[in-house]
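# Survey of secondary and tertiary structure
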Amino acid sequence: MKGRHTFAAGCVLVGLVLAVAVVSLVWLPYDPSDTTGGRLAPPGGEHLLGTDKLGRDLLTRLMVGARIALTVGAGSVLVGGVLGVAAGLLAGFATRWLDDALSAALDILIAFPTLLLAMLVVAVREASLGSAIVAIGLAMSGVVARLTRVLVKRVLAQDYITASRTSGTSWPRLVTEHVLPNIWPTLLVNLALQLGLAVLAEASLSYLGLGPPPPNASWGRLLQEAQATVLTAPLGAVAPGVLLVVLVVGVNLVADGLRDLADPTRRSSR
Amino acid sequence: MGRYLLRRTSFLLASLLLAASLLFVLLRLLPGDPANALVSVGATPEQLAAARRQIGSDLPLPEQFASWLGGLARLDLGTSFVSKLPVGSEIAARLAVTVPLTLLAFTLAVVVALPVGFLAAWRSDRWYGPLLNGVAQLGVAVPVFWIGILLVTVFALRLRVLPAGGFPREDWAEPGRALTSLLLPVVTIALVMSASLIRYVRSATVDVLGSDFLRTARAMGESFGGAMWRHGLRNASVPVISILGIELATTFLGAVVVESVFTLPGLGTLLIKGIAEHDYPVIQGVLVVSTLAVLLIGFAADVVQRLVDPRLRAHVGGGRP
């Protein structure tokens, strides 16, 4: 029961941000780079949440920010998930020698800190939406691969796999029929947690000025820009942070709920 | 243990070598020539060639790679394009800010998280157990730099009791002033870090509280405190130590962002500056030093974990999951 409520609460929070992002595709109160609103207009009136120091509408930029947060989050989970699951499957099925080599490489990739890796990718390419997605996804793939490998090994040790193997099932069929159906719930929970981390990583990159460049109004960039005017326009420095927390808490709740729903033994004990 | 140390040390060296190679390859994949960062926009081909010779980017790649690794082995990280100072000494000066910042924040976070995490598990039936847990849940979702912005707003801009940022020019000559400027950044990092630590301490405690060995110890007549001290602490500490290692590394990296919030002259701001100025020796140097730090922390955590938990020592050879 508890899992279902957690899951539902998470879905509501994520859905809220998702709805804002979808609306921003078809309708925005103002143009995101329109600076005609007057500088630091207070909330209310023509600009519902006021304007920033260049006169851009805060609500508009928050809506665009939702889109960027979700794009980078989902994009990097896609990159990291595909790379990670592929590498993890390979290591899980590999012979001992290849498995050892892959595991060592993964350990090193994981030891390489996410944010530094992301900053390195951005330093090599230029700061853009694509760079942020590739950088965060790449950093994430190590963790996903290591988890996948452990899960695959656990499934492959089961008796029914041995039975299936002796009866001549090819390994691609083994993957699609036995391995993936058994490991996807745990993987999904982990990918959901990674989504939250990716959103935070993108915010940090943008705050440092290494995220998607203007006119992409990422929440991290909004916070960085609002820091100087926090006393005159406090809403600009509060609202993007609140939205970030709402999205990440929502994603984490979805992950927790999924974990409880996928594993019945956890439901009663907590 | 000796064999394990040997194996773990060789893994550490291999990781560092791989990380250094990865850095080299990635930075050489750049579309432009790093020499372009050294000369002004309208430079003649001769000037460009001179710049290339100066930084060695005219050499074949294997030779560049050998000299980069050779420099690393001699702890020589090259010379900054912009300041013309040795990168090694620039980084050393920055570490005087980043290392105290990291260690103070880490200590504060541990001091807060251990009792709070224990309470959240032990008193999960009282009103404050779930509350503490909920606050920790919220804490892991908050971007660290946002906490920094909010704390600066309240304590530096509104109440004016602490500096909003910066670090004394004379570094640690006046420890009091240096500590004052580190106070807000330390609290910022510690707040966010303790949130995730609390969750790990809590779940480790939940496992111990429900364990058979604790029940047995209690049935044998030990007091709750005695049983926790003799059996619980050591069992709960195993997962927590490995997490502490990861968290210390995360703190070190969190410092990168928080230094920007408070404009502290640390490793993080040096890296950002290096990226903005295309100062490749600085970027390389900072990334190598931080990776080394993270790898060393992981090494220390693994070794300590083995000292605490004899079960890990039992099957050193074939300990494959």
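Residues numbered from 1 in each chain as written. Chains lettered and ligands numbered in written order. Predicted model: local features only at pLDDT ≥ 70, side-chain atom pairs only at ≥ 80, totals over all residues. Heavy atoms only, no water.

### Some points on helix α5 (residues 129-156) of chain A
Its 28 residues give α5 of chain A an end-to-end C-alpha distance of 39 Å, which sits within 8% of 40 Å, the value for a rise of 1.5 Å per residue. At Ser141 of chain A, α5 of chain A shows its maximal bend, which comes to roughly 30 degrees. (Helix = DSSP H or I, 4+ residues; strand = E, 2+ residues; numbered from the N terminus. Expected span 1.5 Å × (residues − 1). Bend = angle between axes of the 7 residues up to and from the residue.)

### A closer look at the UniProt feature "transmembrane region" (unreviewed entry) in chain A
All names here are of chain A. Here, UniProt's "transmembrane region" (unreviewed entry) annotation points to residues 7-30, 68-92, 104-123, 129-148, 187-210 and 230-255. Taken as a whole, residues 68-92 contains 100% helix and 0% strand, while its terminal C-alpha atoms sit 35 Å from one another. Counted over residues 230-255, helix gives 85% and strand 0%. Its end C-alpha atoms are 34 Å apart. (UniProt positions renumbered as here; feature names shortened; annotations may be inferred.)

### Let's talk about the interface of chain A and chain B
Each side of the interface is counted separately: chain A has 38 residues, and chain B has 41 residues. When chain A packs against chain B, close to 3,600 Å² is buried across both sides, 78% of that on carbon and sulfur atoms. Elements represented by at least two residues in the side of chain A that touches chain B include exactly α3 (96-111), α4 (114-124), α7 (171-207), α8 (219-226) and α9 (234-262) of chain A. At 10 residues, the largest contribution of residues to the side of chain A that touches chain B is made by α9 of chain A. Grouping the amino acids of the side of chain A that touches chain B by side-chain chemistry returns 26 nonpolar, 5 polar and 7 charged. (Contact = heavy atoms within 4.5 Å. Buried area = accessible area lost by both parts, 1.4 Å probe. Nonpolar A, V, L, I, M, F, W, Y, C, P; charged D, E, K, R; others polar.)

### A closer look at the pattern of salt bridges
Residues and elements named next belong to chain A. If you walk through the whole model with that rule in mind, you get 9 salt bridges over all chains. In this structure, Arg173 engages Glu177 in a salt bridge whose closest nitrogen and oxygen atoms are separated by 3.0 Å. On the criterion of helical spacing, the pair formed by Arg173 and Glu177 is a turn pair, its members being 4 residues apart in helix α7. Residue class for Glu177 comes out partly exposed when judged on its relative accessible area of 42%. (Salt bridge = Lys/Arg side-chain N within 4 Å of Asp/Glu carboxyl O. Buried < 20%, exposed > 50% of the residue type's maximum accessible area, 1.4 Å probe, protein only.)

### Section: the packing of aromatic side chains
All names here are of chain B. Taken as a whole and assessed by the stated rule, the structure comprises 6 aromatic pairs over all chains. Ring geometry for Phe81 against Tyr280: centres 6.5 Å apart, planes inclined by 85 degrees, an arrangement best described as edge-to-face. Of this pair, Phe81 sits in the loop between α3 (61-73) and α4 (87-122) while Tyr280 is found in helix α11 (residues 280-308), placing the two residues 199 residues apart along the sequence. When sorted by exposure, Phe81 lands in the same class as Tyr280, which is buried. Measuring from centroid to centroid gives 5.5 Å for Trp122 and Phe224, while their planes differ by 5 degrees, and the two rings are stacked. On the criterion of sequence distance, the pair formed by Trp122 in helix α4 and Phe224 in helix α9 (residues 224-261) is long-range, its members being 102 residues apart. Its relative accessible area of 32% is what places Trp122 among the partly exposed residues. Look at Phe224 and you get partly exposed, because its relative accessible area is 25%. One aromatic cluster is present, built from ring pairs that chain together Phe118, Trp122 and Phe224. When the ring centre of Trp122 is taken as reference, the NZ or CZ atom of Arg123 above it lies at 3.9 Å. Its end group placed over the ring of Tyr4, Arg306 keeps NZ or CZ at 3.7 Å from the ring centre. (Phe/Tyr/Trp six-rings, centres within 6.5 Å; stacked < 30°, edge-to-face > 60°. Lys NZ or Arg CZ within 6 Å of the ring centre and 35° of its normal.)

### Remarks on the nonpolar core
In terms of nonpolar packing, the biggest core is built from 140 residues, with Met119, Leu205, Trp219 and Leu247 of chain A touching the most fellow members. A total of 15 residues in this core trace back to one element, the largest contributor, which is α7 of chain A. Each residue touching Leu247 of chain A, except ones within four places of it in the same chain, is listed here: Val14, Val17, Ala69, Leu70, Val199 and Trp219 of chain A. If you look at the next biggest cluster of nonpolar residues, it comprises 9 residues, including Leu214, Met228, Ala236 and Val240 of chain B. (Core = buried A, V, L, I, M, F, W, Y, C linked by side-chain atoms within 4.5 Å.)

### Regarding unusual backbone geometry
Residue and element names in this part refer to chain B. Non-glycine residue Leu75 carries a positive phi angle of around 60 degrees. Structurally, the position occupied by Leu75 is in the loop between α3 and α4. Notably, Thr263 is not glycine yet its phi reads approximately 40 degrees, a positive angle. Locating Thr263 in the fold gives a position in the loop between α9 and α10 (267-276). Judged by its relative accessible area of 54%, Thr263 falls in the exposed class.

### Let's talk about the UniProt feature "transmembrane region" (unreviewed entry) in chain B
Residues and elements named next belong to chain B. Residues annotated in UniProt with the feature "transmembrane region" (unreviewed entry) correspond here to residues 103-122, 134-158, 178-198, 238-262 and 282-304. End C-alpha to end C-alpha, residues 103-122 measures 28 Å, and it is 100% helix and 0% strand. Secondary structure across residues 238-262 comprises 96% helix and 0% strand; the distance between its end C-alpha atoms is 35 Å.

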